[in-house]
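Fold and contact review
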Amino acid sequence: MKAEKSILSGKHFFQGDTACAEGGIYAGCRFFGGYPITPATEVAERMAERLPAIGGIYIQMEDEIASMCAVLGAAWGGRKSMTSTSGPGFSLMMENFGLGIMTETPCVLVNVQRAGPSTGLPTAVGQGDMMQARWGSHGVYEVIALCPSSPQEAFNLTVRAFNLSEKYRLPVLVMMDEVVGHMTEKVVIPEPGELEVVPRRESRVAPDAYLPFKPDADLVPPMVRAGQGYHIHVTGLTHDERGYPVITKEAQEKLVRRLCDKIRVNRKDILSWEEREAENADVLVVAYGITARIAMLPIQMARKKGLKVGLFRLITAWPFPEERLRKLAGTVGGVVVPEINYGQMVFEVERCVAGKAPVRLVSHMGGSTHRPEDILNAIMDVAKNK
Amino acid sequence: MAHAEIRLSGFGGQGIILAGQIVGKAVSVFEDRNATLTQNYGPESRGGACCAQVVMSDEEIAYPDIVEPDVFVAMSQEAYNKYYEDVKPNGLSIIDEDLVVPKAVKSGGRLLKMPATRLADGMGKKFVANIVMLGFLAAVSDTVSTDALKEAVKSSVPKGTEELNMKAFQLGYDHGKRLPAATPAGKE
Amino acid sequence: MEMKETHPIDDLIRTDRIPHIWCSGCGIGIAVHCFLNAIRKSGIPPKNFAVVSGIGCSGRVAGYVKLDSFHTTHGRPIPFAVGLKLANDRLKVVVFSGDGDLIAIGGNHFIHAARRNVDITVICVNNFNYGMTGGQAAPTTPVRARTSTTPYGNFEFPFNLAYLAAGSGAVYVSRWTTLHAKQLEDSMLEALGKKGFTFVEAISPCPTLYNRMNKLGTALDFMKFCKEHSVIRHGADPKTANIDLRGDIVVGRFVNVERPTFTDFLEEGLAQGLPHRKALLDEERKEFEHE
């Protein structure tokens, strides 16, 4: 398949959802299994139109549980695969997100966050799934979750999500939000080859010597796909390097520790954030997704009032860039964390700041972005208490 | 123009969102500046007030929401009533005169009335009223260049309808250029 | 000289995982044996087969067959198999699981995969209860039957799986008991050779739980029962093909029809709308076959 032909290099005016789908295509995604849900439907619609035309498969499954399973199955069939959803569907996908973690299946799951709980506000923004992204499936595991702040970043981070999923063999989360998903903006799609696209980490070992879950030095095992004569066994049960179930605490210790450590040990390679005048700021605003962008207005307003205000924008929410934030915490007067929920990532921020500076949450139950003055007031307030 | 905000509004089915996409595309792709398009609409895809908001700038746009629109276009009474107060004091309001009865214009503001839907109807294609309106916008406002808007229309409408839409655009444009002057403030 | 004992289907079994977990007298082993014989007879290279199971006693089948095999979550083997098959059309994808897995928690996936007519074979071992977890009620448990969660008898009507499959659009539907090893094997072979969603139900005893709790005797007694009470009725309307472990069991091949598959429609639709897609698909298949 000539991937080059399918990439729409050039300048576009795209919605975040559309850009996300195009990012998948750029990264080589050729299978999409999904279920329509506002505000993620446009990702599916884009894929329904684009994938069949470039040799890919689009299938609308009967629900989000099935969607996640189909995406895992397709990955083992040899295709790069993805799905997209929002709150209620994200909850349903958590079950087999866990299967993907346990079976080390590369794929991408996009959550265009809306306001919840339950059906909530289907057409309006929320950022309430950040902790669900981290802990939503049962058991002990690590995740990678990326937070785009613009349609361009929805494109780039979807490419990166695929790359990380192939490199570390796990389902990677793209935690968008409704505003980024539905906002339309300039999106530049690079020429093929301009952005790195990580291929599947294929094993070169002969079938009789191959152990499907024997890791390389970076703790990640190379992969094969069904139909290559390896007669692999892949199970959601705790397993050994052959992939065979071993129901002992020793096997659990070895496997689950490695599944976590492959992310923890390689976190430097995974972590990503953006800083704008963050060091030695009077007030540091920590935000992600659309909120990081909205926060620039109050930050500029506060700067006009003579305050030194910086921005620390999370690009990987998980893993959390804790070393850097810990370091910054000692240099800033206070921290403001606006998020469209009643406090989620703020707990991570508090953990890293560890009392070295006051941390102020600017909460919002969802349905819109913050009013700039609410963030501004928090900035001024924290600065006053310095 | 460095920074401008345009709000296009009407009811679902009038092609308001497409009009917003065309404006945003003209700015970001054909003028190679920056634009963000955000939209407000209810769950219905037909009827109900809907609104497309375009922020444009030569710089990076940090805050993508509209604060005070420089230009406000209303193609339905419901949308007009919902949004007319937000317009910038010296801003420009444009209404489809057959569909909207306007209220008093803010001092310093401008109001332009034009029959987009009637003109489109005259072509036998009521559904191109949005494009007629964009042609008019190009004629009376310098927020977006006419050439960029034309390019954006051509590349955004369904294949095979380019000629029809360019005709609609020209119709609105000519109407705008023929208009003597804007209704002065306080006269409605 | 030491003799190494072998079994005729050893090459298709993960012998390093034997002994298996199934109880003495259980029918799952017979169903697996029939399946592996069918694979051999099909002439399709074993490397082209992929087996997908869910959770439960029959869910363990994936772990014992020496094929690419996937042991997924409870109820989800079918959607996993759908993704696997659509991603690589050259694979022969078989879902092997139990009645609770496929029809209770996985019931929605079952009917939709049949409706879409995705080209997979589903083999369901039906033992009328949840064996792995100690004999709880299933959607196949007969009315008034005893299970660990129906101590006063089952108050619900069961699904007739053959009827459900046929009603949902399966192109091939058959039912045999594990007594009918020869017919079961032939039926599996037939299902594997057919394009579309094919369904084979294997009625099995659960001597440790269901049969004991319902005083149905030993595994051997169940075999005798099947011999005496099975009525072979090919082409029977599955609606009338009852199963009642106190009365007759209607077995046979009930449905064998032709219907375009998901992939047929995809390719047809694309041939109309996107003629170049066919070339892309062919190119991609070649890429898979190069290995």
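Worth saying up front: this structure is predicted, and the values here are computed from it rather than measured. (Residues numbered from 1 in each chain as written. Chains lettered and ligands numbered in written order. Predicted model: local features only at pLDDT ≥ 70, side-chain atom pairs only at ≥ 80, totals over all residues. Heavy atoms only, no water.)

In this structure, Met82 and Ile379 of chain A together with Phe70, Leu84 and Ile120 of chain C are the most contacted members of the largest nonpolar core, which totals 166 residues. Listed in part, the 48 residues of the second largest apolar core include Ile28, Phe49, Val51 and Ala191 of chain C. (Core = buried A, V, L, I, M, F, W, Y, C linked by side-chain atoms within 4.5 Å. Buried < 20%, exposed > 50% of the residue type's maximum accessible area, 1.4 Å probe, protein only.)

Now for the sheet that holds strand β9 (residues 184-189) of chain A. Pairing within the open sheet is mixed, and its eight strands lie in the order β1(A)-β9(A)-β2(B)-β3(B)-β1(B)-β4(B)-β5(B)-β6(B). Strands with a single pairing partner mark the edges of an open sheet, and in this sheet they are β1 (10-15) of chain A together with β6 (110-114) of chain B. Ignoring strand direction, the axes of neighbouring strands in this sheet form an average angle of 20°. Taken together, the nine bridges between strand β1 (residues 3-11) of chain B and strand β3 (residues 49-57) of chain B define a ladder with antiparallel strand orientation. Bridging from a neighbouring strand, serine 9 of chain B pairs with cysteine 51 of chain B of β3 of chain B. Packed on one face of the sheet, helix α6 (residues 151-168) of chain A meets β1 and β9 of chain A and runs near 40° to β9 of chain A. (Pairing = 2+ DSSP bridges. Helix = DSSP H or I, 4+ residues; strand = E, 2+ residues; numbered from the N terminus. Axes fitted to C-alpha atoms, helices over the stretch in contact; angles between N-to-C directions. Contact = heavy atoms within 4.5 Å.)

If you walk across this open sheet you meet the nine strands as β10(A)-β2(C)-β1(C)-β3(C)-β4(C)-β8(C)-β7(C)-β10(C)-β9(C), and the pairing is mixed. Two strands lie at the open edges of the sheet, namely β10 (233-235) of chain A together with β9 (230-232) of chain C, each paired on one side alone. Taking the axes of each pair of neighbouring strands and ignoring which way they run, one obtains an average angle of 20° across the sheet. Sheet topology note: the strand β7 (residues 172-177) of chain C/strand β10 (residues 249-256) of chain C ladder contains four bridges and is antiparallel. Paired with valine 173 of chain C across the two strands is valine 255 of chain C, which belongs to β10 of chain C. Together, β1 (49-53), β3 (92-98), β4 (121-126) and β8 (198-203) of chain C form the strand contacts of helix α1 (residues 28-42) of chain C, whose direction differs from that of β3 of chain C by roughly 170°.

This part covers α6 of chain A. Residues and elements named next belong to chain A. Compared with the 26 Å implied by 1.5 Å per residue over 18 residues, the 25 Å span of α6 between its first and last C-alpha is a close match. Along α6, 14 of the 18 residues are buried, which leaves the element largely enclosed by surrounding structure. Looking one or two places after α6, you find arginine 169, whose phi comes out positive at around 50°. (Expected span 1.5 Å × (residues − 1).)

Residues and elements named next belong to chain A. Looking at the secondary structure, you find leucine 311 in strand β13 (residues 309-314). For the pair leucine 311 and glutamate 194, spaced 117 residues apart in sequence, the C-alpha separation works out to 29 Å. Each residue touching leucine 311, except ones within four places of it in the same chain, is listed here: Glu274, Glu275, Arg276, Ala278, Leu284, Val285, Ala292, Met296 and Ile299.

With that settled, the discussion passes to the domain arrangement of chain C. All names here are of chain C. Taken domain by domain, chain C holds domain 1 (10-259) and domain 2 (260-291). Spacing between the C-alpha centres of domain 1 and domain 2 amounts to 32 Å. Listed as interface residues are 12 residues of domain 1 and, on the opposing side, nine residues of domain 2. With both chains or domains summed, domain 1 and domain 2 bury close to 910 Å², and 55% of this area falls on carbon and sulfur atoms. Interface area lost by domain 1 to domain 2 is led by Asp89, Arg90 and Arg259, which between them contribute 42%. Taken together, the links from domain 1 to domain 2 amount to one salt bridge. (Domains from an automatic or database assignment. Buried area = accessible area lost by both parts, 1.4 Å probe. Salt bridge = Lys/Arg side-chain N within 4 Å of Asp/Glu carboxyl O.)

Another aspect to go through is the confidence of the model for chain C. The predicted model of chain C has a mean per-residue pLDDT of 93, with 93% of residues at 70 or higher. Interface confidence for the predicted complex, expressed as ipTM, amounts to 0.96; the pTM equals 0.95. (pLDDT = per-residue confidence, 0-100.)

Evaluation of the coordinates by the stated rule reveals 52 salt bridges over all chains. Linking glutamate 104 of chain A and arginine 258 of chain A is a salt bridge whose minimum nitrogen-to-oxygen distance equals 2.6 Å. Of this pair, glutamate 104 of chain A sits in the loop between α4 (87-102) and β5 (107-115) while arginine 258 of chain A sits in helix α8 (residues 249-264), and the two are 154 residues apart along the sequence. Taking the relative accessible area as the measure of exposure, glutamate 104 of chain A reaches 0% and is therefore buried. We note a salt bridge from lysine 85 of chain C to aspartate 119 of chain C, for which the minimum N-O separation is 3.7 Å. Here lysine 85 of chain C is found in helix α2 (residues 77-87), whereas its partner aspartate 119 of chain C is found in the loop between α4 (107-116) and β4, with 34 residues between them in sequence. Judged by its relative accessible area of 5%, lysine 85 of chain C is buried. Here the residues in one salt-bridge network are Glu153, Glu274, Arg276 and Arg313 of chain A together with Glu60 of chain B, joined through shared partners.

So, on to the packing of aromatic side chains. Under the definition given, this model contains 15 aromatic pairs over all chains. Taking the centre distance of 5.6 Å and the plane angle of 75° together, the rings of tyrosine 26 of chain A and phenylalanine 155 of chain A count as edge-to-face. Here phenylalanine 155 of chain A lies in helix α6 and tyrosine 26 of chain A lies in helix α1 (residues 16-26), a separation of 129 residues in the sequence. Accessibility expressed as a relative area gives 3% for tyrosine 26 of chain A, which makes it buried. For the ring pair tryptophan 273 of chain A and phenylalanine 312 of chain A, a centre distance of 5.9 Å and an interplane angle of 20° mean the geometry is stacked. Of this pair, tryptophan 273 of chain A sits in strand β11 (residues 273-276) while phenylalanine 312 of chain A sits in strand β13, placing them 39 residues apart in sequence. Residue tryptophan 273 of chain A is classed as partly exposed on the basis of its relative accessible area of 31%. Judged by relative accessible area, which is 0%, phenylalanine 312 of chain A ranks as buried. Clustering of aromatic rings is evident, with ring pairs tying together Trp76 of chain A together with Phe70 and Phe80 of chain C. If you follow arginine 17 of chain C out to its NZ or CZ, it ends over the ring of tyrosine 244 of chain A, 5.6 Å from the centre. (Phe/Tyr/Trp six-rings, centres within 6.5 Å; stacked < 30°, edge-to-face > 60°. Lys NZ or Arg CZ within 6 Å of the ring centre and 35° of its normal.)

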